[in-house]
Amino acid sequence: MREINFLLRSMLYVPTYKKKFFEKISNFNADAIILDLEDSVPAQFKEESRKNIAEFLNDYEVNPGKKLFVRLNSIESKLLLKDLEYVLSDKVDGFLLTKIYSADDMVYYDKLISQYENDNGLEVGHFMFAPLIETASAVINAYPIAKSTERVVALVFGGEDFLNDIGGFHGIPPKGLDFPRAQIVLAARSVRRGVLPIDTPYLKIHDDIGFQNEERLSFEMGFAGVQCIHPSQIELAHTCFMPTYREIEESKKIVEAIDETSRNGSGVAIFQGNLIGPPMEKRARKVLELLKATEKIPHD
C-alpha cells in the first residue's frame, strides 16, 4: 500500500512555455510544484513547453521536501502521448490528470503509465496520480476515482471548469462550489490510505484577505491544501492549512491530560471541565501529527 506521508498544503502552477518561468522554482517554498502543459500553455507553444521541461529536468536537483508534478493534456486532446515522451523522468513524482470522468479513465492511465515505466526502465508504480475533479461526472464519481489505483494520492478540484461544465457561475461567495467541495473531501477522506483533497485555485492573486477567508473555510471542510497560481499565495496557504496557535496549544493540553490520566490509572480525562471523549482525543492527536509533519519538511 502506497503510504501518503507528505503534505500538499500548496501546489504551485508554473507555466512552461518560457524558460524564464523555471528560473525561480528552487526558491519557491511550495509543498509541490506543478509544471503545466495544459491550460496555461497556448496551443502553439505546446512543443516548446515539452522541450523546456525536458531541459529543466536534466539539471533539476531533487528536493525531498518538494514534490514535482506535471499537469498533462487530457486523453481527448490527442496531446497526451506526446507529452509523456518528454516527462518520463524519475525526478518527476507524479502527474495531474485532466478531464477525468470516471474510474475507467484512471484504469486506462494506470495501465498506460505502467507500460511507459516498464519501457523506460523505471520502477512500475513510481508515478503518483492527482486526478483533477473538474467535470460533473468526476464529482459524481469522486470516490471510485479516489480508490481506483494506489497511485492516487490526491483529488484536485477544478472549480472553474466544473462550473463551466454544469452551466453554473462563480458567485460571491461561490455557493455553486459547496456541493462538489464537500463531495471531494468525503471521497478523498473515505479512502483508508489518506488521499488528500486539494481545493480549487483562488483567482484574485492580490486579495490576500479573500484568499485567507476562503481557504480557512476549506481547511474547516477537510481540505488538505490548495492549488496556487502565484508564489505570493504559498505562505498564505501554509498558514490556512495548519491549525491555529490556539488549536495547537489546546491539543497539547488534551493529550497531556490523557497521558497523565493513563499514568495515574484513571479512566477519565478532563479538559477545561469537560470530559475528553474519543473524537476529541483523535482530533487533538491529528493536530499534533500535522504539526510534526511540518517540522520534518526539508527546506532549500
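Everything discussed here concerns the structure shown above.
Residues numbered from 1 in each chain as written. Predicted model: local features only at pLDDT ≥ 70, side-chain atom pairs only at ≥ 80, totals over all residues. Heavy atoms only, no water.

1. A few points about the pairing of strand E2 (residues 32-36)
Working note: regular strand, side chains alternate between the two faces of the sheet. For E2, the buried fraction is high: five of the five residues fall into the buried class. Burial along E2 is two-sided: the face carrying Ala32, Ile34 and Asp36 and the face carrying Ile33 and Leu35 are both buried. As paired strands, strand E1 (residues 10-15) and E2 are joined by five bridges and run parallel to one another. In the sheet register, methionine 11 faces E2, and the bridge partner there is alanine 32. Here E2 pairs with strand E3 (residues 67-71) via five bridges, running parallel. Paired with aspartate 36 across the bridge in E3 is arginine 71. Assessed by its sense of winding, the connection that carries the chain from E2 through helix H1 (residues 46-59) to E3 is right-handed. (Buried < 20%, exposed > 50% of the residue type's maximum accessible area, 1.4 Å probe, protein only. Helix = DSSP H or I, 4+ residues; strand = E, 2+ residues; numbered from the N terminus. Pairing = 2+ DSSP bridges. Right-handed = clockwise from strand over helix to strand, strands pointing away.)

2. Quick look at the packing of H1 against helix H2 (residues 80-87)
Running from N to C, H1 and H2 point in directions that differ by 20°, and their axes come no closer than 8 Å. By the criterion of interaxial angle, the relationship of H1 to H2 is roughly parallel. Here H1 runs over H2; the crossing is right-handed. Residues Glu47, Arg50, Lys51, Ile53, Ala54 and Leu57 of H1 lie in contact with H2, whose contacting residues are Lys82, Asp83, Tyr86 and Val87. Taken together, the residues that form the contact of H1 with H2 break down as five nonpolar, no polar and five charged. (Axes fitted to C-alpha atoms, helices over the stretch in contact; angles between N-to-C directions. Parallel < 35°, antiparallel > 145°, perpendicular 65-115°, else oblique. Left-handed = near helix turned anticlockwise from the far one by under 90°. Contact = heavy atoms within 4.5 Å. Nonpolar A, V, L, I, M, F, W, Y, C, P; charged D, E, K, R; others polar.)

3. Here we look at the environment of histidine 238
Its location among the elements puts histidine 238 in helix H9 (residues 234-240). Accessibility expressed as a relative area gives 9% for histidine 238, which makes it buried. Along the backbone, histidine 238 and asparagine 29 are 209 residues apart, and their C-alpha atoms lie at a distance of 9.7 Å. Residues in contact with histidine 238, not counting those within four places in the same chain, are Arg9, Ser10, Asn29, Ala30 and Asp31.

4. Details of the environment of arginine 181
Along the chain, the position of arginine 181 falls in helix H7 (residues 178-190). Assessed through its relative accessible area of 5%, arginine 181 is described here as buried. The sequence separation of arginine 181 and glutamate 85 amounts to 96 residues, and the corresponding C-alpha distance is 34 Å. Excluding residues that lie within four positions of it along the chain, arginine 181 makes contacts with Phe157, Pro174, Asp199, Thr200, Glu214, Ser218, Met221 and Phe223.

5. Overview of the pairing of strand E6 (residues 154-157)
Side chains Ala154 and Val156 of E6 all project onto a buried face; the interleaved residues Leu155 and Phe157 project onto the opposite face, where all are buried too. Two elements, strand E5 (residues 128-133) and E6, share two bridges in a ladder whose sense is parallel. Pairing of leucine 132 across the sheet is with valine 156, part of E6. Taken together, the three bridges between E6 and strand E7 (residues 196-199) define a ladder with parallel strand orientation. Pairing of alanine 154 across the sheet is with leucine 196, part of E7.

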